[in-house]
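# An overview of the molecular structure
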Amino acid sequence: MADQDLNAPNTGSGVGGFLAKAAGFVVILVLAGLLALWGVQRYVSDRLTPDPTTIASASLEGLREQNRLSAFAARYVAVVTSKQSQLGFTTEKTLIMPGMVRYEVDMGKLTQADVAWDGATKTLAVRLPAVEADGPQVDLNAVREYGSGGVLTTFTDAEKRLDDANRRAGQIELIRQAREPAMIKLARDATRRAVERSFAMPLRAAGIDATVAVRFADEPVANGERWDTSRSLQDVLGNRQ
């Protein structure tokens, strides 16, 4: 049996050690590459994924710049009659007064606290100021007057008093008609649709499938109201600063 040369180099173990070190180095490189790739993907995702609160905030500023939003108008006709009695004589006049009433919302009162995002349900809740009836704008060309005339209109100022009384009563009647609950509901619904579109369109354009729910400050709170579980834009954006 030949004696083994203890001084000869162990080439097998040397190559194996080198390969082991090389394999370990490759594993480290792969892990580092995967970590770097994950970091890049997360960075890109954070940068490119649309943020609904940022989009909603931009939409809010656009609405505020409009100052007053008018999404509904209606034409009314007041028919009023006034009488004057003096010196045993009576006269009367009837006034037909058409007028246009615009329903507006003061968007300047809208704040970030009035817009809340619920990430769980992907719902953007918007609380608007109350609808206001502006006007009426009387159509002077369409005003008609009818009266019995008589002695009082000839020898006294009864006609002027009748005209003044009719104009005041006509204005009051137009406003009364404009503030009927049914008309306020129509104005709210039209304004609600306009504001919902203003918030929903930018969200959809960014690929965010969200529901926009609009209510008015003077409306009763619905049973399903989620405002208490939502975060207002004021809270969300404030935490980022």
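For the structure given in this document, a descriptive report is provided here. Please read all numbers here as calculations on a predicted model, not as lab measurements. (Residues numbered from 1 in each chain as written. Predicted model: local features only at pLDDT ≥ 70, side-chain atom pairs only at ≥ 80, totals over all residues. Heavy atoms only, no water.)

## Section: the side chain of Arg188
Within the secondary structure, Arg188 is located in helix H5 (residues 181–205). The class of Arg188 is buried, set by a relative accessible area of 18%. When residues no more than four places from it in sequence are discounted, the contact partners of Arg188 are Val131, Phe216, Asp218 and Glu219. (Helix = DSSP H or I, 4+ residues; strand = E, 2+ residues; numbered from the N terminus. Buried < 20%, exposed > 50% of the residue type's maximum accessible area, 1.4 Å probe, protein only. Contact = heavy atoms within 4.5 Å.)

## A look at the environment of Phe72
By the secondary structure assignment, Phe72 is in strand E1 (residues 68–86). Sequence spacing of Phe72 and Arg102 is 30 residues, and the spatial spacing of their C-alpha atoms is 6.2 Å. Excluding residues that lie within four positions of it along the chain, Phe72 makes contacts with Val101, Arg102, Tyr103, Met183, Leu186, Ala187 and Ala190.

## Some details on the packing of aromatic side chains
The description of an aromatic ring pair uses the distance of the two centres, along with the angle that the planes make with each other. Evaluated as defined, the whole model comprises one aromatic pair. Between Phe72 and Tyr103 the ring centres are 5.5 Å apart and the planes differ by 45 degrees, which places this aromatic pair in the tilted class. Of the two residues, Phe72 sits in strand E1 while Tyr103 sits in strand E2 (residues 89–106), which places them 31 residues apart along the sequence. (Phe/Tyr/Trp six-rings, centres within 6.5 Å; stacked < 30°, edge-to-face > 60°.)

## Examining the packing of helix H2 (residues 52–65) against H5
Across the interface, H2 lies against H5 with an axial gap of 9 Å and an inter-helix angle of 140 degrees. Looking at the two axes, H2 sits oblique to H5. The handedness of the crossing between H2 and H5 is right-handed. Contacts between H2 and H5 involve Pro52, Ile55, Ala56, Ser59, Leu60 and Leu63 from the first element and Val195, Ser198, Phe199, Pro202 and Leu203 from the second. Class assignment of the residues belonging to the contact of H2 with H5 gives a composition of nine nonpolar, two polar and no charged. (Axes fitted to C-alpha atoms, helices over the stretch in contact; angles between N-to-C directions. Parallel < 35°, antiparallel > 145°, perpendicular 65-115°, else oblique. Left-handed = near helix turned anticlockwise from the far one by under 90°. Nonpolar A, V, L, I, M, F, W, Y, C, P; charged D, E, K, R; others polar.)

## A short note on unusual backbone geometry
Residue Gly135 is joined to Pro136 through a cis peptide bond whose omega torsion reads 5 degrees. Tracing the backbone through its elements, the reader meets Pro136 in strand E5 (residues 132–138). Positive phi values are uncommon outside glycine, yet Asn67 reaches one of about 70 degrees. You can see Asn67 is positioned in the loop between H2 and E1. Classification of Asn67 as partly exposed rests on a relative accessible area of 45%. For Lys122, which is not a glycine, the phi torsion comes out positive at approximately 55 degrees. When you line up the elements, Lys122 lands in the loop between strand E3 (115–118) and strand E4 (123–128).

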